[in-house]
Each structure stands twice: as C-alpha cells, then as structure tokens.
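# An overview of the molecular structure
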Amino acid sequence: MSNSDDSSLIAKAVAALRQGALVAFPTETVYGLGADARSAAALDRLYKAKGRPANHPVIVHLASVEQLADWASSVKPEARLLAQAFWPGPLTLILPRAAHVLDLVTGGQNTVGLRIPNHPVALTLLQAFQDGLAAPSANKFGRLSPTTAQDVADDFADEVAMVLDGGPCEVGIESTIVDASGDGMRILRPGMILADHIEEVLGKPLHRAGDKPGVRFSGGLPSHYAPRTKVLLVGPEKFEQTVKAETAAGKKVAALAVAGTAGGGAASSMVVPGAGNVIVAPDEPFEYARQLYRNMRTLDKLKFDVIVVEQVPPGGAWSGIADRLVRAAAEQIQMQGETA
Ligand code: TXA
Ligand code: MG
C-alpha cells in the first residue's frame, strides 16, 4: 500500500509497468488494474490475475487528448465534442482502433475503448508513463469493483506489484461507455455521465438500442459486479414482505434500502442489534453511486444467506446504478444454476 503524492512511488510504479508488471491505481470511478497496453506479456499477466477471459476487451487509459491519435485510427467530430466536454472524466469512448492495437486489448474487435480518468494519481501516473495503460476494474472477474486501495488488496496478493492509494473513489461506479465507432452514437454501459448530458453536448439524440437497462452492455454478460451472497432485487412495495418471508424461511437476511422510500421506512425495523445487517442508502443518485460498492461489500462480508436490495428508479441519473443492481442479482441466478 502506498501514499499517492510521493513522486518516488510514481517512478517505481512506472518502472514496474515498463517491466510488464501490474500496478493498481485509483480513478474517479473505481480502482483500475494497470498494465502496459502495448505489451502482450503484461496483458497476459493482467488477464491471468483477473481470471478474465481473453476475448473481453479492456479500456486503454490516456493522459491527454493528443494521445488519441496513437490509439484510434479516426475520431469523428461528435466523439471529439464528448472528449472535450467530459475528459478527464468518467466517460469511455469506443473508437476505431489504430493498426498496432493488440487483440488482447480489443478482444479481437476493430474498435478500442479509450478514456482519460479524472484523478490526480491516475493522471500523474499516466503522464509519467507517457503511453496507454490498459486498466480493467481491479477486481477478480465477475466480482464487485473496488473503490478503495484496501478493496484491491482484498482481491489480489502477489500478482500485483503495487497498489497506489488515492483514497475512496468519488464517482463509485464504472464509466459511461459510448460507442462512437460507427454511424450514430450509443451508450453501451450507463454510468454517472448521463444520456441527457451527452445529448446536450451533441445537440442531438443518442441511438437507443432496446431501452432496457442491462442489455446495452458490450459483451452482454450478466456476470459482473456481484457479491458472493445471493442478491434479491425487489421493488419498494415488495421490500418489507420479501425480507419477512426470507427471515421466516430461516434465512439470515441483510438489506440495502433507499432513504425515504417504502423500503427505507421498513428497513429500520429489520435491524438485528449489533449485526450491521441493514443499510439505508441516500436517495440522491450521485451519493448512492459513490457508496454502492462499499455498501455491497459491507453486507457481503457478513456472509449472511441473502441480501435483499431495494430497486432504485429505472431512468435518469439512476440508470447506471439500476444497471449494476440488475447485474448483481443476475449473477446469483447464473451462479446458482452452475453450482446446483
Ligand atoms: O470506470 C471504468 O471504466 C473503470 C476504470 C478503472 O477506468 N474500468 C472498467 O474496466 O470498468 P472493465 O474492464 O472492468 O470494463 C470495461 C468495459 C468492458 O465491459 C468491455 O466490454 C468494455 O469496457 N469495452 C472495452 N473495450 C471495448 C470495445 N472495443 N468495444 C466494446 N466494449 C468495450
Ligand atoms: Mg469491471
């Protein structure tokens, strides 16, 4: 674990990355597991450490817009507008790949995901490294993303050379991904840069492919962002009755509700003294997102039988959060199917 402002630590991190080692670093969204994006050996190490299939593309992180030309073969004007408006920030642009970009980065596709993160430690590291860093979220494949250096350390031991500590992440869920590689623009993964913000900058609507949250995600696997404990995602009106039914069935129940809703109201009566089994999260989406993975981890660590999660409103600033909650619940269905 390390202190972020120390320039000798950044120098050490850069040296490790140049040798093909992995360095975890903070971004404003979640912690990333960084590897030299031009090194097949480093990328191999990255996929192995994460336990992630090699056909999943990774995002390349850059320090400045000038580096776009090193990684994308073309950048259409609309993509430039978004880069100008939101970088550094929690937005990833999918663009046509430059010829040298390894299949290990793109997952064999003809596009590449690029982003300039808005975190002083990430930017200092990227400026010192002077090239692109592949950085998926620094968690084992399919598990909750990390929002503190300690979360990273919980998932990884000696596979990672260094973990740069930049404190808790400000945004708390992964970047909004916009596909700008073809005609039109569409959101592949919702985040805290909202469709409305993007459309305002573009001055025209995004393409909306099937408006269900959770199906626009590139790769399309539901197996992301899940705690180990079974998750039941239920609407506010079903929240109390679900908790009661699970408890009556002899289950140890943890709960994540939203303040000011039916679930939030019911949740206070469900507290098991001393257990810390109920969290009532803020009803403001940016605050909720900031705490989401920490709250999930806290409840997961109880090792109870089930976490009942109150659904959030589906649209607007909640859409990225709603997407992650659906995935957390979907993973359980899938894993139970596998182990049953
Ligand atoms: O906020 C974030 O984006 C964080 C921080 C560390 O920057 N990173 C992150 O990376 O969430 P990861 O690998 O956990 O998720 C990256 C997502 C994957 O779902 C992948 O499918 C998508 O980005 N992606 C990357 N390159 C792509 C491409 N060329 N085409 C379509 N999707 C792509
Ligand atoms: Mg991830």
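For the structure, see preceding data.
Analysis parameters
Residues numbered from 1 in each chain as written. Chains lettered and ligands numbered in written order. Predicted model: local features only at pLDDT ≥ 70, side-chain atom pairs only at ≥ 80, totals over all residues. Heavy atoms only, no water. Phe/Tyr/Trp six-rings, centres within 6.5 Å; stacked < 30°, edge-to-face > 60°. Helix = DSSP H or I, 4+ residues; strand = E, 2+ residues; numbered from the N terminus. Buried < 20%, exposed > 50% of the residue type's maximum accessible area, 1.4 Å probe, protein only. Pairing = 2+ DSSP bridges. Axes fitted to C-alpha atoms, helices over the stretch in contact; angles between N-to-C directions. Contact = heavy atoms within 4.5 Å. Salt bridge = Lys/Arg side-chain N within 4 Å of Asp/Glu carboxyl O. Parallel < 35°, antiparallel > 145°, perpendicular 65-115°, else oblique. Left-handed = near helix turned anticlockwise from the far one by under 90°. Nonpolar A, V, L, I, M, F, W, Y, C, P; charged D, E, K, R; others polar. Core = buried A, V, L, I, M, F, W, Y, C linked by side-chain atoms within 4.5 Å. Arc of directions from axis to C-beta. Near = heavy atom within 4 Å. Polar contact = N/O pair within 3.5 Å; in protein donor to acceptor, adjacent residues only side chain to side chain. Areas by Shrake-Rupley, 256 points an atom, 1.4 Å probe, with all protein chains shown as cover.

## Regarding the packing of aromatic side chains
- Tallying each qualifying case throughout the model produces 1 aromatic pair.
- An angle of 75° between the planes, with centres 5.4 Å apart, marks the rings of Tyr288 and Trp318 as edge-to-face. A residue pair is termed long-range when its members are at least 10 positions apart, and Tyr288 in helix H11 (residues 285-301) and Trp318 in the loop between strand E14 (306-310) and helix H12 (319-339) qualify at 30 residues. We note that Tyr288, like Trp318, is buried.

## Some remarks on the sheet that holds strand E12 (residues 253-258)
- What the 4 strands build is an open sheet, ordered E11-E14-E12-E13; its pairing is parallel. Where the open sheet ends on each side, the last strands, each with one partner, are strand E11 (230-234) and strand E13 (278-281). Going from strand to strand, the sheet's axes swing by 15° on average, the running direction of each strand aside.
- Those strands touched by helix H9 (residues 236-248) are E11, E12 and E14, and its axis lies near 165° from that of E14.
- Against the sheet, H11 touches E12, E13 and E14, its axis set at about 170° to E12.

## Focus on the pattern of salt bridges
- Tallied over the full model, the rule gives 13 salt bridges.
- Its salt-bridge partner being Arg38, residue Asp131 comes within 2.5 Å of it at the nearest N-O pair. With a gap of 93 residues between them, Asp131 in the loop between helix H6 (120-129) and strand E7 (133-134) and Arg38 in the loop between strand E3 (32-36) and helix H2 (40-50) connect regions that are remote in the sequence.
- Across the salt bridge formed by Glu240 and Lys244, the nearest N and O atoms sit 3.1 Å from each other. Separated by 4 residues within a single helix, Glu240 and Lys244 lie in helix H9, roughly one turn from each other.
- By relative accessible area, Glu240 is classed as partly exposed at 34%.

## Section: the packing of helix H1 (residues 7-18) against H6
- At their nearest, the axes of H1 and H6 sit 10 Å apart, and the two run at 55° to each other. What the angle tells us is that H1 and H6 run oblique. H1 and H6 meet at a crossing whose hand is right-handed. Side by side, H1 and H6 meet where Ile10, Ala13, Val14, Leu17 and Arg18 of the first sit next to Val121, Thr124, Leu125, Ala128 and Phe129 of the second.
- Across the contact of H1 with H6, the residue classes break down as 8 nonpolar, 1 polar and 1 charged.

## Remarks on the nonpolar core
- Leu33, Leu82, Leu91, Leu93, Leu95, Leu114 and Ile198 are the most contacted members of the largest nonpolar core, which has 51 residues in total.
- Membership of the second largest hydrophobic core comes to 28 residues, among which are Leu292, Tyr293, Phe304 and Ala328.

## Some points on helix H8 (residues 195-202)
- Residues Ala195, Ile198, Glu199 and Leu202 constitute the buried set of H8. Take H8 and look down its axis: the buried residues cluster within an arc of 95°, on one side only.
- Turning to H8, the residues buried within the fold contact helix H4 (77-86), strand E5 (91-96), strand E9 (176-179) and strand E10 (186-189).
- Note on H8: the residue one or two positions beyond its end, Gly203, has a positive phi of about 70°.

## What about the site of ligand 1?
- Around ligand 1 sit 23 residues in total, of which Thr29, Arg52, His61, Ser175 and Arg189 are the nearest.
- Here Arg115 contributes a side-chain N or O atom positioned 3.0 Å from an oxygen atom of ligand 1.
- Contact with the protein chains hides 97% of the accessible area of ligand 1, taken as 680 Å² for the molecule alone.
- Put simply, the parts of the chain that give the shell around ligand 1 at least two residues each are strand E4 (59-61) and strand E6 (111-115).
- When grouped by side-chain class, the residues that make up the shell around ligand 1 number 10 nonpolar, 9 polar and 4 charged.

## Quick notes on the side chain of Thr106
- Along the chain, the position of Thr106 falls in helix H5 (residues 103-106).
- A polar atom in the side chain of Thr106 sits 3.3 Å from the side chain of Arg97.
- For Thr106, the residues in contact, after removing those within four places along its chain, are Pro57, Arg97, Val101, Thr111 and Val112.

## A few points about the side chain of Arg297
- Its place among the elements puts Arg297 in helix H11.
- A polar contact is formed between the side chain of Arg297 and the backbone oxygen of Leu144, at a distance of 2.9 Å.
- Those residues in contact with Arg297 that sit more than four places away from it in its chain are Leu144, Ser145, Pro146 and Asp151.

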